[in-house]
Amino acid sequence: MNRDEWNQALLGMEGAVVQLPGRRFGPFDLAVHAGERIAILGPSGAGKSTLLKLMAGEHAAHAGTVRLDGQPLATRRAAALARRRAVLPQSHGVAFGMPVDLVVALGRIAREPDPAQPAVVAQALAAAQATHLAGRRFDTLSGGEQARVQLARVFAQLWDAHGALLLVDEPLSALDPGLQWALMDALQRFTRERQHALVAVLHDINQALAGFDRLWLLHQGQLQADLPPNAQAVPALERLYGISLRCVVDANADPSGRLAVLPVRAPSPATLATQPMSEAA
Amino acid sequence: MNTAPGSPLLHPATRGWLLALVAALVVATQLGAVQVAPADWWAAFAGDPLSGSAHVLWHLRLPRALLAMTVGAALGLCGALTQGLFRNPLADPGLLGVTSGAACAAALVLTVFAGAQGGVPPAWRAWLLPVAAFIGALAVCLALERMARWLTPGSIAGLLLTGLALNAITMAIVGLCSYLATDEQLRSLTFWTLGSLSAASWGLVGVLATALGVCSWYARRLAQALNALALGEAAAGHVGVDVPRLRAGLVAIVALLSALAVAWCGLIGFIGLMAPHLVRGRAGADQRRVLPLAMAAGALLLLVADTVARTVAVPAEIPVGIFTALIGGPGFLFLLRGVARQQGGHA
């Protein structure tokens, strides 16, 4: 990757390292361009959330730099940053009995005074299929409903931005499959309409294969591969997770010929360990 | 969406609280050993020196009632801000040891360092206690923040237990001070740890009202950021809140107001805990509405408590701190039950 590419990138990481007690992540040399959709995959503890927090500016780069719009994250003020990137976190508790509308409106706090706020809140709720939740208390909602409201909050934050960055950390993993796909569709539509870049930490390989342009495979704090989601990615994914994948192409479901995979149990050290030990003895 | 308070004075909840406050103020000035006539209200404007019941009204009851309202409002605001800062409806400067930190520093000045007071110019001596109390409150606030994050990050129980420990340490120092105190020092110390508004004067009301005015103006500006803090610290940062700056501002307001209240009125507990809770149940959790209403509720609670405390056993006077603790203790248990029920036992 050359310097020009970094300068044009929405977000660029140059030798960025995160140092946590006892663990080191990176160095990462990566660029994200406006409109790109990137899925971060990897086993638990690979550093997916850490990489996302580095991109969000939540973790400072111990070495190297992370730039958004060409400016180092460390030099940008929280409010200025909030107008260019939003983060949908993994868990989303809200203290006190905050009303849903207020939770969504808080996405607009960096734009206050904001005359468009009520209209944007209503539109963002609609885009996240949460209009019916307006007026309720957030802490009385179910997990799926809370996820929709948090999605609406993130939509509100980047509603009138263009080519901004949306970072998403496994927000859907605890939801039922129908809702997962519905919210993923809403997320994809939102980012496509505004040329936002979408970077998502995902657990579901098929969600990554179906809706994303690039896969970042993370293993033990290092980037193992940066691949398009085609058949060539399958062996890398198998190695990443230590499983076998059977390819399924469902032309009816997806005319673009996108790939889907079925995890198949493979003889791995974990499964061997559960077999009877009599032969070894 | 109707959460933005366009004209707070016209909001029915605000109007209700203000009406109740005015009514309570009138009633409070009527109650007491000396009968006050309606004519006494105009005596101050007649130009003659006040005598008899007019003196009682204008120099004793009115400043005292206004002091109760100001201190109550300050405690209510401190409670609401502390709860917002720690994202926890059970937080309160009293429970977390902030006010006892103020008391501890002030007790040290009253007793152990009483001899050193001679070195201070006489004009400044009145400020010795408030300044010491402020330093004590600030120290506990900062210690609490650091320790709760460091020992038990993110844990509500950890925060309250850290506060409990700090409370125990500071109160032990207060105890030590009273052990070392002379009889005369002990009298003022005891009286003061029980909490009382009998120091009321127009000058004191003026000082506290000015501080409260500045602090509440600043708090109002922080209200929306405080709302964002309810999303969690990381998420508040993501939507554009400068969290360290917000936290510093909140700690400064809480330490200043707690210290001023403690320095002149001693330890008055539970107002800060109950006032925001009373408000949040009705008016919702939006801090832009909770902060002013918690001030009104705190003012009303303390005015009623003080009026009862000074009239229930006329001519004797029960220290109001005892009274608020008697009422507030069971109130806190009630609150605990409600919170536990809401959070499914994760309190």
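Residues numbered from 1 in each chain as written. Chains lettered and ligands numbered in written order. Predicted model: local features only at pLDDT ≥ 70, side-chain atom pairs only at ≥ 80, totals over all residues.

A. Local environment of the overall build of chain B. From N to C terminus, chain B includes 13 helices and zero strands. Sequence-ordered secondary structure for chain B, helices as α and strands as β, is α-α-α-α-α-α-α-α-α-α-α-α-α. Scaling as 2.2 N^0.38, a compact globule of 347 residues should have a C-alpha radius of gyration of about 20 Å, and chain B matches this with 20 Å. Dimensions of chain B, computed from C-alpha atoms along their principal axes, come out at roughly 65 × 50 × 35 Å. Per-residue burial over chain B gives 48% buried out of 347 residues. (Helix = DSSP H or I, 4+ residues; strand = E, 2+ residues; numbered from the N terminus. Rg over C-alpha atoms; globule rule 2.2 N^0.38 Å. Buried ≥ 20, exposed ≤ 12 C-beta atoms within 10 Å, placed from the backbone.)

B. Main features of the overall build of chain A. If you tally the helices and strands in chain A, you get 10 helices and 12 strands. Out of the 281 residues in chain A, the part that is buried amounts to 43%. Of all intrachain contacts in chain A linking residues separated by at least 6 positions in sequence, the fraction that spans at least 24 positions is 65%. (Contact = placed C-beta atoms within 7 Å.)

C. Here's a closer look at the nonpolar core. Formed by 200 residues in total, the largest nonpolar core has its most connected members in Leu77 and Ala106 of chain B. The element that contributes the greatest number of residues to this core is helix α3 (residues 52-85) of chain B, accounting for 17 residues. (Core = buried A, V, L, I, M, F, W, Y, C linked by C-beta atoms within 7 Å.)

D. Structural detail: the sheet that holds strand β2 (residues 23-32) of chain A. Residue and element names in this part refer to chain A. Taking strand neighbours across the sheet as the criterion, the four strands line up as β2-β1-β4-β5 in an open arrangement whose pairing is antiparallel. At either margin of the open sheet sits one strand with a lone partner, and together these are β2 and β5 (71-72). When strand β1 (residues 11-20) meets β2, the two strands line up antiparallel, connected through seven bridges. Note on β2: the bridge partner recorded for Val18 is Phe25. Contacting β1, β2 and β4 (63-68), helix α2 (residues 48-56) crosses the sheet at an angle of about 120° to β1. (Pairing = 2+ DSSP bridges. Axes fitted to C-alpha atoms, helices over the stretch in contact; angles between N-to-C directions.)

E. Up close: the environment of Leu267 of chain B. Residues and elements named next belong to chain B. With respect to the element layout, Leu267 can be found in the loop between α10 (243-265) and α11 (271-283). Looking at Leu267, the number of C-beta atoms within 10 Å reads 22, which means it is buried. With 164 residues separating them in the primary sequence, Leu267 and Ala103 have C-alpha atoms 7.3 Å apart. Ignoring anything within four residues of it in the chain, the contact list for Leu267 reads Thr99, Ser100, Ala103, Thr193, Gly195, Val262 and Gly321.

F. The arrangement of the interface of chain A and chain B in detail. The interface is formed by 27 residues belonging to chain A together with 24 residues belonging to chain B. Of the residues assigned to the side of chain A that touches chain B, the class counts are 19 nonpolar, four polar and four charged. (Nonpolar A, V, L, I, M, F, W, Y, C, P; charged D, E, K, R; others polar.)

G. Focus on helix α6 (residues 143-157) of chain A. Residues and elements named next belong to chain A. With 15 residues, α6 should cover 21 Å at 1.5 Å per step; its first-to-last C-alpha distance of 21 Å lies within 8% of that length. The buried fraction of α6 amounts to 12 of the 15 residues, a majority that puts the element mostly inside the structure. Looking at α6, one finds that the buried residues are Gln146, Ala147, Arg148, Val149, Gln150, Leu151, Ala152, Arg153, Val154, Phe155, Ala156 and Gln157. Where the residues of α6 are buried, they touch α3 (78-82), β6 (85-88), α4 (100-105), α5 (117-127), β7 (165-169) and α7 (177-194). (Expected span 1.5 Å × (residues − 1).)

H. Spotlight on the packing of α3 of chain B against helix α12 (residues 287-311) of chain B. Residue and element names in this part refer to chain B. Their axes nearest at 6 Å, the elements α3 and α12 cross at an angle of 140°. Accordingly, the angle class assigned to the pair α3 and α12 is oblique. As α3 packs across α12, the resulting crossing turns out to be right-handed. Seen from α3, the contacting residues are Ala65, Ala68, Met69, Val71, Gly72, Ala73, Leu75, Gly76, Leu77, Gly79, Ala80 and Gly84; seen from α12, they are Gln287, Val290, Leu291, Ala294, Met295, Ala297, Gly298, Ala299, Leu301, Leu302, Leu303 and Asp306. A class-by-class count of the residues in the contact of α3 with α12 yields 17 nonpolar, six polar and one charged. (Parallel < 35°, antiparallel > 145°, perpendicular 65-115°, else oblique. Left-handed = near helix turned anticlockwise from the far one by under 90°.)

I. Quick peek at the sheet that holds strand β8 (residues 197-201) of chain A. Residue and element names in this part refer to chain A. A sheet is described by the order of its strands in space; here six strands give the open sequence β6-β7-β8-β3-β9-β10, paired in mixed fashion. Every other strand in the sheet has two partners, leaving β6 and β10 (222-227) as the edge strands with one partner each. Direction aside, neighbouring strands of the sheet carry axes that sit 15° apart on average. Strand direction decides the pairing type here: strand β9 (residues 214-219) and β10, joined by five bridges, are antiparallel. Bridge pairing links His219 to Gln222 in β10. Packed onto the sheet, α6 meets β6 and β7 and runs at close to 175° relative to β6.

J. Region of interest: the packing of helix α4 (residues 98-110) of chain B against α10 of chain B. Residue and element names in this part refer to chain B. Following both chains from N to C, one finds α4 and α10 inclined at 55°, their axes separated by 9 Å at the closest point. Accordingly, the angle class assigned to the pair α4 and α10 is oblique. At the point where α4 passes α10, the crossing takes the right-handed sense. Where α4 abuts α10, its residues Val98, Thr99, Ala102, Ala103 and Ala106 lie against Val254, Ala255, Ser258, Ala259, Val262 and Ala263. Taken together, the residues of the contact of α4 with α10 sort by class into nine nonpolar, two polar and no charged.

K. Here's a closer look at α10 of chain B. Taking 1.5 Å of rise per residue, the 23 residues of α10 of chain B would be expected to cover 33 Å, and the 32 Å separating its terminal C-alpha atoms lies within 8% of that figure. Gly266 of chain B, located one to two residues past α10 of chain B, shows a positive phi value of around 75°.

L. Structural view of the pairing of β8 of chain A. Residues and elements named next belong to chain A. Of all five residues in β8, five are buried; the element is thus mostly enclosed. Residues Ala197, Val199 and Val201 point to one face of β8 and Leu198 and Ala200 to the other, with burial holding for every one of them. Across four bridges, the pairing between strand β3 (residues 37-41) and β8 is parallel. Bridge pairing links Ile38 to Val199 in β8. Alignment of β7 against β8, held across five bridges, turns out to be parallel. The partner of Leu165 across the bridge, within β8, is Ala197. With α7 bridging β7 and the parallel β8, this β-α-β connection has right-handed handedness. (Right-handed = clockwise from strand over helix to strand, strands pointing away.)

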